Amino acid sequence: MFESLIGAVVVIVLFVLVLRQQGRVSLIERELGALRSLVLSGVHATPPVAKPAEQAASAPADAAHASAPVADIASPTTADAAHAQAPAAEADAATSEAVPELSAAAKAAFTGSAPAATAKAARQSEVETALGTRWAVWVGGVALALGGLFLIRYTIEAGIFGPEVRLSLAALLGLVLIGGGEFIRRTGFKVPVQGAAGAYIPAILTAAGAFILFGTVYAAHAIYGFVGPAFAFTVLGAIGVATIVAALVHGQALAGIGLVGSMATPALVSSQAPNPWALFVYLAIVLAATAVIARIRDWKFLIAAAFFGTGAWTIAYMMSTLVADLAVIRFADLAVVLFIDAVTLAVLAFVWLGSRGGEAEPAKAGFDWPSIVPGVFVAFSALGLSVDTTLVAAGGALPGAFVLVALVATALYRPRALPLLHAAGVVSVMIHLGIIPPTTIGSDITQGNIGFDGMPVAAGNPLTLRIGIGLGLVFIGAGFWAARRFAASARVRAACWAAWGVAAPLLILLTLWLAYGNLDRDLVYAAIAALLVVVFAAGGEWIARAEQPPLKGDIAVSFALCGSALAGLLMLHMAFGSGWTTILAGVAAIVPALATRWRSYPVLGWISVGAVVAVLGRVAFDPTIVGAEFLTTTPVFNWLLPGYGVPALAFGFAAWQLARTTNGRPRLAMEAGAALFALLTVAMLVRHAMHGGVIDTGPVTLAEQAIYTLIAIGAGVILLAIDMRSPSSVLRYGSMAAGVLSVAFIVLQHFLVLNPLFTDESTGQIPVFNLLFLAYLLPAIAAGGLALYARDKRPPWYAQMLAVVAALLVFAYATLSVRRVFKGEFIGLWSGLGQLETYTYSALWLIIGVVLLTAGVWLKSQVLRIASAALIAIAVVKVFLFDMSELEGVLRALSFIGLGAVLIGIGLFYQRLLTRAAREANAAT
């Protein structure tokens, strides 16, 4: 019932569409007849000539309309028939009967003035055209295909004919549809409506016929058992390949239908004794045929789909093989996988990417995106052949390595197949990452690949070591040769080859060392890494000489030299202990900086910066340089001094060298690195001395923090002085950063967190040179000196910030020193206040206010004068709110008397100052 309803709806829709189309065809015929009549009779004058601007605007549209495709693929027979019919059509036009009246659309087309209604009518006609020319044809084709299958089903249910007759009739219907499509194509069929090329009726009929034939053969095999699996497999495959070949004259859509049918055939036909060779030989034939058709028509989606189907069958076969018992695995199974991989690469290289007419492949052409599909599937088949213990045990680890080498060779032979190189590189790295013991223990513990007493048992085949060396040599040779080949013409392609030429060997070397080498010190692997340093550096120079202009140092050269630098770091780590590795890695920053004397490669300076990053990473991982158990307690003269100091000196020398050659951003980064490590050297030595040789435990004390603050202020002074002699943005902003950092230390640590008023920490027994002197007075002097030195050399806010902090430190030192006089060594706030101590604070603050006022006037510093006013205001508030209630007797009187005297004195001082300023102004005028 539901199927009948669908059929009725389709018939009604088609009937309505046919009626509408007949009306439109009649209207068009009348309009064309009227136009021919007017042209032949000469009744109307020549249409007005369009303006040049209008002609220029309308020319592209006319050209586009004239060149619009008539069908997906126009066959030679169709074109010839169209040319043969053209003279006859012209003769008929000359003798046809004229129609005296034109429609509005025809008049608008003739006179060149289109009314506003024409655009709306055009939009409505687009929908009508889509319904009448495209959707009707598509629905009709689907209806024909389903109708054939429904007819077979009806005859089965009604019992009208026997199975043999039903299948014969279905096959006859499929052949009739295919013949009808071919007949319509050969009789000069074309689509006369722009935009309807996708509704190519011959292709639709052929596709419907092929669909019915597929269903007929499958029913004969799977439902009735009339034919065996071999015959059904062969016939279905032949139908699929024939459909793909027919796409040469019917379009890419038909080829897609044939490809889907061909790839589905092995799944439709089942056998009690499946033969993998028959399957993959069949897939190879389908792939080759599809590639030939796709190459002729340049159908990228078709060839990508063919590669996808072949690769999916390969992976599915390998997965079904993996679940079988080891006894079932034969060498032939591995040979099948190798066979289909070889066929895939051969089809890609010699059929799809084969050059036309013997012409060389353009060097600047981009990569071929359909190559991504075979690259992924072939590479992952190599991964399965290399890492799965069942397949490795059946055929060894060599097959997977051969597939990877074949991928690299294909990419080398066909430069546009660049995705194959990336696939081979990624899978090679994945294979070797799998042999690292921690990964093995985590993923393959069920297979016994575990370690005992820190001695891991490496996973994989014993040939893994030799295979890794061989793959590394392949990537080095192919990578550098191809990078030199394309260095002058295709810089991105050259960069890709150079990148894998260094990345794959380095990662393979690293994984082999982690799996088979001595992790403490291994001179054999260190020698290999040292050899890679030389090979990569020489390779980069070899590539640079082929550039245009030579020795430019482009991306490929940069990858080669960066690989040399990374190999050098590996060599140092393999050959030396932790301490020497850190020191030598810092010294290594000098080498690329010195190389800028002979080569102006942009990457050389950044390699020096990379050394700074590497050393920073090492000290972040192990701040003790050699490990806490090997760091002695001797102050200053221990591993911290060379571990931090030598890299600081090396970075400074590298910055000096870069300033005389490249003088770019790497030089600024090296200056920053040198300044940072200089500060770290002093800071780490201080912490080492303050904590008895232990630098990674224990909280920071106020004394230690005071030293850090002094170091930061000193760094700000040093960087400022150097910047005055040799201006640099790094030195400028670095000096300001050091000052801001010191202010942050003072505010957070000195005033809040570590303040002995809150922590009740011992201030020492010495009267003057105690903790308060170190933590408050010395930083005050240093901050004040830096503020004075930075005036007119840095932004005003910077010097003012330091001046305010210096004044606050002086205030804190004086206040805490008074409390220490009254309370002794421990000055915690919870010990209370005495009356004399309270009065002393008032007097002290007034004195400090007067001193700050005097200093502000003498130094002409408004900030100090404002600080003086603020401090005196605090003293006034304290006297009136606190002293009045807490003090008694003579202390209360003295407090108010002193406050009044100071305020009057300040008033007299400002009056004299203003009077003097007025006299000087009058004298000047």
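As the structure is a prediction and not an experimental result, all values here were calculated from the model. Numbers given to residues run from 1 along each chain, matching the order in which its sequence is written. Thresholds applied to this predicted model are a pLDDT of at least 70 for local features of residues and 80 or more for the giving and counting of side-chain atom pairs; totals over whole chains, interfaces and linings are not thresholded and use all residues. No hydrogens and no water enter the side-chain calculation; it runs on all heavy atoms of the structure.

1. Notes on the overall build of the protein chain
When helices and strands are tallied, the protein chain shows 34 helices and two strands. Going through the 925 residues of the protein chain one by one, you find that 42% of them count as buried. Of the contacts made within the protein chain by residues no fewer than 6 positions apart, 74% connect residues no fewer than 24 positions apart. Reported accessibility uses the Shrake-Rupley method at a 1.4 Å probe radius. Residues are deemed covered only where the shown protein chains occlude them. Put simply, the protein chain shows about 46,500 Å² of open surface, and 71% of that area lies on carbon and sulfur atoms. Numbered from the N terminus, helices here are DSSP runs of H or I no shorter than four residues, and strands are runs of E no shorter than two. Here's how the labels work: a residue is buried when its accessible area is under 20% of the maximum for its type, exposed when over 50%, partly exposed in between, all with a 1.4 Å probe on protein chains only. In this description, contact between two residues means that some pair of their heavy atoms is separated by no more than 4.5 Å.

2. Concerning the packing of helix α13 (residues 372-387) against helix α15 (residues 398-413)
Convention adopted: a line fitted to C-alpha atoms gives each axis, helices being fitted over their contacting stretch, and angles between N-to-C directions are expressed from 0 to 180 degrees. Running from N to C, α13 and α15 cross one another at 155°; their axes reach a closest spacing of 7 Å. One way to sum up the angle between α13 and α15 is to call them roughly antiparallel. Between α13 and α15 lies a crossing of left-handed hand. Between α13 and α15, the residues in contact are Val378, Ala379, Ser381, Ala382, Leu385 and Ser386 and Pro399, Gly400, Ala401, Val403, Leu404 and Leu407, respectively. Each residue gets one label: Ala, Val, Leu, Ile, Met, Phe, Trp, Tyr, Cys and Pro are nonpolar, Asp, Glu, Lys and Arg are charged, and the others, such as Gly, are polar. Its residues assigned to classes, the contact of α13 with α15 comprises nine nonpolar, three polar and no charged. Under this scheme an angle from 65 to 115 degrees is roughly perpendicular, one under 35 degrees roughly parallel, and one over 145 degrees roughly antiparallel; angles in between are oblique. Crossings are sorted by hand: turned counterclockwise from the far helix by less than a right angle, the near helix makes the crossing left-handed, and turned clockwise it makes it right-handed.

3. Describing a nonpolar patch on the surface
Patch membership needs two things, relative accessible area over 30% and no salt bridge, and members are linked within 9 Å if like-charged or within 5 Å if nonpolar (Val, Leu, Ile, Met, Phe, Trp, Tyr). By convention in these notes, a salt bridge is any Lys or Arg side-chain nitrogen within 4 Å of a carboxyl oxygen on Asp or Glu. A surface patch of nonpolar side chains, amounting to about 750 Å² of accessible area, comprises Phe301, Phe367, Trp369, Ile372, Val376, Phe380, Val426 and Met430. Of all the secondary-structure elements, those providing two or more residues to the nonpolar patch are α13 and α16 (418-433). Considering every element that reaches the nonpolar patch, the biggest residue donor is α13, with three residues. Tracing the chain through its elements places Met430 in helix α16. Assessed through its relative accessible area of 37%, Met430 is described here as partly exposed.

4. Some words on the pattern of salt bridges
Pairs may arise between side chains of opposite charge once their charged atoms sit close together. One pass over the full model with this rule turns up eight salt bridges. Where Glu541 meets Arg545, a salt bridge forms, and the shortest distance between an N and an O atom there is 3.2 Å. Take Glu541: its relative accessible area is 19%, and that puts it in the buried class. Across the pair Glu671 and Arg667 runs a salt bridge, and its minimum N-O distance is 2.8 Å. Highlighted residues: Glu671 and Arg667, both in helix α26 (residues 665-690), separated by four residues, approximately one helical turn. Per residue, the accessibility class of Glu671 equals that of Arg667, and both read buried. A cluster of three or more residues bridged by salt bridges with shared partners is formed by Arg491, Lys552 and Asp554.

5. Overview of the environment of Gly627
Inspection of the secondary structure puts Gly627 in the loop between α24 (603-621) and α25 (640-659). Among the residues examined, Gly627 registers a relative accessible area of 10% and is labelled buried.

6. Re the environment of Leu465
Along the chain, the position of Leu465 falls in helix α18 (residues 464-486). With 47 residues separating them in the primary sequence, Leu465 and Leu512 have C-alpha atoms 6.8 Å apart.

7. Focus: the nonpolar core
The nonpolar side chains of soluble globular proteins are, as a tendency, buried together. Working definition of a nonpolar core: buried Ala, Val, Leu, Ile, Met, Phe, Trp, Tyr and Cys residues. They are joined through side-chain atoms within 4.5 Å. In this structure, Leu404, Leu407, Trp497, Phe536 and Met574 are the most contacted members of the largest nonpolar core, which totals 99 residues. Ranked by the residues each element gives to this core, the list is headed by helix α19 (residues 491-516), at 13 residues. Among all residues touching Met574, those that are not within four sequence positions of it are Leu509, Trp513, Asp520, Arg521, Asp522, Tyr525, Ala526 and Ala529. Counting residues in hydrophobic clusters, the runner-up holds 33 residues, among them Leu772, Ala775, Val805 and Tyr813.

8. With respect to the packing of aromatic side chains
Stacked, tilted and edge-to-face are the three classes applied to pairs of Phe, Tyr and Trp rings, where Trp contributes its six-membered ring and a pair requires centres within 6.5 Å; stacked means planes under 30 degrees apart, edge-to-face means over 60, and tilted covers the rest. Following the criterion strictly, the structure yields 11 aromatic pairs and no others. Aromatic side chains Phe280 and Tyr317 sit 5.3 Å apart centroid to centroid with 75° between the ring planes, which places their arrangement in the edge-to-face category. You can see Phe280 sitting in helix α10 (residues 276-297) and its partner Tyr317 sitting in helix α11 (residues 300-322), a full 37 residues away along the chain. Side by side, Phe280 and Tyr317 carry an identical accessibility label, which is buried. With a centroid separation of 5.3 Å and 75° between ring planes, the pair formed by Phe651 and Phe677 is classed as edge-to-face. Here Phe651, found in helix α25, pairs with Phe677, found in helix α26; they are 26 residues apart in sequence, far enough to count as distant. You'll find Phe651 and Phe677 in the same group, each marked buried. Members of the aromatic cluster, joined through ring pairs, are Tyr644, Phe651 and Phe677. Taking NZ or CZ as reference, Arg493 lies 5.1 Å from the ring centre of Phe486, over its face. Counting as a charge over the ring demands two things of the Lys NZ or Arg CZ atom: a distance within 6 Å of the ring centre and an angle within 35 degrees of the ring normal. Between Arg732 and the ring centre of Tyr733, over which it is positioned, the NZ or CZ distance is 6.0 Å.

9. Structural notes on unusual backbone geometry
Of note, the amide linkage connecting Gln548 to Pro549 takes the cis form, showing an omega dihedral of -5°. As for its placement among the helices and strands, Pro549 is situated in the loop between α20 (523-544) and α21 (555-575). We note that Asp298 has phi near 55°; this positive angle belongs to a residue other than glycine. Given the relative accessible area of 38%, Asp298 is considered partly exposed.

10. A few points about α15
Three or four residues apart is the spacing at which side chains of an α-helix point the same way, because the helix has 3.6 residues per turn. Every helix has an expected span of 1.5 Å times one less than the residues it contains. With 16 residues, α15 ought to run about 22 Å at 1.5 Å a step, and its terminal C-alpha atoms sit 22 Å apart, in line with that. Taken together, the buried positions of α15 are Pro399, Gly400, Ala401, Val403, Leu404, Leu407, Val408, Thr410 and Ala411.

11. Some details on the packing of α25 against α26
Between α25 and α26, whose axes approach to 8 Å, the crossing angle comes to 160°. Viewed along their axes, α25 and α26 adopt a mutual orientation that is roughly antiparallel. Of the two possible hands of crossing, α25 and α26 adopt the one that is left-handed. Residues that form the contact of α25 with α26 fall into these classes: 18 nonpolar, five polar and two charged.

12. Points about the confidence of the model for the protein chain
Here the protein chain averages 74 in pLDDT, while 62% of its residues score no lower than 70. Within the model, the stretch residues 43-138 combines pLDDT values under 50 with 84 contacts to residues more than four positions away or in other chains. Counted against residues more than four places away or in other chains, residues 323-332, with its pLDDT under 50, gives eight contacts. The predictor attaches a confidence to each residue, and that confidence, scored 0 to 100, is pLDDT.

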